[in-house]
Each structure stands twice: as C-alpha cells, then as structure tokens.
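Observations on the model geometry
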Amino acid sequence: MFHSQHELLARRHRARLVRRRVTVIIGLGILLCGYAMLAVSPDTPSEWVLIRVVTGFGFLFVGFAIAVLPMLSRLTGGDD
C-alpha cells in the first residue's frame, strides 16, 4: 500500500516539474516575441511603430509574468 502511494506522489511531482518547465519555456518564448516586436526597422511607417511597441511591451509583461515571476517566487521560498 505504501509503495503505490509513494509512486503516485512521485508521478505527481514529475508532472508538476514538467508543467513548470513547459510554463517557463512558453513564458520565455513570449518574452522573445516581445523583444522581436520591439525591433522596429527605421523605414517602418509611423502608425505601425506605435502598434508594434505597445504589442511588444504587452508580450514582455505577459512573458515576464508567466516565466520569471514563478521562478522568483520559488527562489524566495514562496512556492514550496
């Protein structure tokens, strides 16, 4: 009985770790998209520059919230 409970806990722990890693990878991908949106060429029409900058900062904010904040929380002991 104890052995099956231990296996169940180990499986849940592995699934949690995989979920965290996938979340961090998705967040980092969104961060990279934000940086790519902020890379505006000098010949870009001015009406598109504002749209790209706003979108880029939105991606940076969301990517930071998804990827970096959970890592900081785990490092500071907020998420055990």
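Notes on the structure in this doc start here. If you're wondering where the values come from, they're calculated on a predicted model, not measured in any experiment.

Criteria and cut-off values
- Residues numbered from 1 in each chain as written.
- Predicted model: local features only at pLDDT ≥ 70, side-chain atom pairs only at ≥ 80, totals over all residues.
- Heavy atoms only, no water.
- Helix = DSSP H or I, 4+ residues; strand = E, 2+ residues; numbered from the N terminus.
- Rg over C-alpha atoms; globule rule 2.2 N^0.38 Å.
- Buried < 20%, exposed > 50% of the residue type's maximum accessible area, 1.4 Å probe, protein only.
- Contact = heavy atoms within 4.5 Å.
- Areas by Shrake-Rupley, 256 points an atom, 1.4 Å probe, with all protein chains shown as cover.
- Lys, Arg positive; Asp, Glu negative; His and termini not counted.
- Charge placed at Lys NZ, Arg CZ, Asp CG, Glu CD.
- Patch = residues over 30% accessible without salt bridge, like charges linked within 9 Å, V, L, I, M, F, W, Y side chains within 5 Å.
- Salt bridge = Lys/Arg side-chain N within 4 Å of Asp/Glu carboxyl O.
- Expected span 1.5 Å × (residues − 1).
- Bend = angle between axes of the 7 residues up to and from the residue.

A short note on the overall build of the protein chain
Across its full length, the protein chain holds 2 helices and 0 strands. In terms of overall dimensions, the protein chain is more spread out than a globule: its C-alpha atoms have a radius of gyration of 19 Å, far above the 12 Å expected for 80 residues. When the backbone C-alpha atoms are referred to their principal axes, the protein chain occupies close to 70 × 20 × 15 Å. Taking all 80 residues of the protein chain together, the buried fraction comes to 11%. Considering only residue pairs separated by 6 or more positions, the protein chain has 61% of its internal contacts joining residues 24 or more positions apart. Accessible surface, the protein chain as shown: approximately 6,300 Å² in total, 71% of it carbon and sulfur. Between the centroid of the 9 positive side chains of the protein chain and the centroid of its 5 negative side chains there is a distance of 13 Å.

Some points on the environment of isoleucine 26
Structurally, isoleucine 26 is set in helix α1 (residues 2-38). The spatial distance from the C-alpha of isoleucine 26 to the C-alpha of glutamate 47 is 29 Å, given a sequence separation of 21 residues.

Describing a nonpolar patch on the surface
A contiguous nonpolar patch, built from Phe64, Leu69, Leu72 and Leu75 and spanning about 400 Å² of accessible area, is present on the exposed surface. Structurally, leucine 75 is set in helix α2 (residues 46-75).

What about α2?
One turn of an α-helix holds 3.6 residues; hence residues three or four places apart share an orientation. Here α2 is 30 residues long and its end C-alpha atoms lie 42 Å apart, about the 44 Å a rise of 1.5 Å per residue gives. Along its length, α2 shows its largest kink, about 40°, at alanine 65. Of the residues trailing α2, glycine 77 is marked for its positive phi of about 90°.

The values are spatial; any link to function lies outside them.
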